Amino acid sequence: MTDRPFNVLFLCTGNSARSILAESLMNAVAPSRFRGYSAGSVPNGRVNPFALELLAKNGYPVEGLRSKSWDEFAAPDAPPLDFVFTVCDNAAGEACPVWPGQPVSAHWGIPDPAAVEGTDEEKRRAFHEAFVTLKRRIELFASLPLAKLDKLALTARLREIGQS
């Protein structure tokens, strides 16, 4: 498909938790094949400290992570996107952003750990659950034989991963 690493954008509403976790995971799981990015349709302007704590504790990169608007990726000088995944939670009534254009896309809904109310331990548990689910999905994605799948088959596989 391309001789450069594939650019993968993870979209959510606030870009403070799930999409941030996914960006860091993508950049660690297969850095020679993929470059992860994240953005939000209505970014809240800061990365959730529980997300940063969890990533750092597990040895994942946190350098440069920031809450940003998806507008950055629509600019003329933005990296060309090969894949776009939405990670917001439709089941909770969240509005998921839609990305225009031609990248292969899929919805990988995850409950929002930043919306959990309770003790810090309960919040950490929610972040851990989102992290584990995203890690499993990203590892499955990274193991796909991309060169051997046509766009239709690839889209189907990505949707299956999002339901796992």
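For the structure, check the block above.
Figured I'd write up the structure that's included with this text.

Conventions used here
Residues numbered from 1 in each chain as written. Predicted model: local features only at pLDDT ≥ 70, side-chain atom pairs only at ≥ 80, totals over all residues. Heavy atoms only, no water. 1 Å grid on protein atoms, 1.4 Å probe; cavity = no way out; pocket = protein on both sides within 12 Å on 5 of 7 lines; lining within 4 Å. Points joined across faces, edges and corners; volume = space filled by probe spheres on them. Helix = DSSP H or I, 4+ residues; strand = E, 2+ residues; numbered from the N terminus. Nonpolar A, V, L, I, M, F, W, Y, C, P; charged D, E, K, R; others polar. Pairing = 2+ DSSP bridges. Axes fitted to C-alpha atoms, helices over the stretch in contact; angles between N-to-C directions. Contact = heavy atoms within 4.5 Å.

## Looking at the layout of surface pockets
- Of the volumes computed, that of the largest pocket is approximately 160 Å³.
- Taken together, the elements giving at least two residues each to the lining of the largest pocket come down to helix 2 (49-57) and helix 3 (120-142).
- With 5 residues, helix 3 is the largest single contributor of residues to the lining of the largest pocket.
- Residue composition of the lining of the largest pocket, by class: 3 nonpolar, 2 polar and 5 charged.

## Here we look at the sheet that holds strand 4 (residues 104-107)
- Reading across the sheet, the 4 strands line up as 2-1-3-4 and stay open at both edges, with parallel pairing between neighbours. The two strands at the open ends of the sheet, each matched to only one other strand, are strand 2 (34-40) and strand 4. Strand-to-strand twist of the sheet, defined as the mean angle between neighbouring strand axes without regard to direction, takes the value 20 degrees.
- Pairing of strand 3 (residues 83-86) with strand 4, which is carried by 4 bridges, proceeds in the parallel orientation. Across the sheet, the residue bridging to threonine 86 is histidine 107, located in strand 4.
- The strands touched by helix 4 (residues 151-162) are strand 3 and strand 4; relative to strand 4, the strand with the most contacts, the crossing angle is about 25 degrees.

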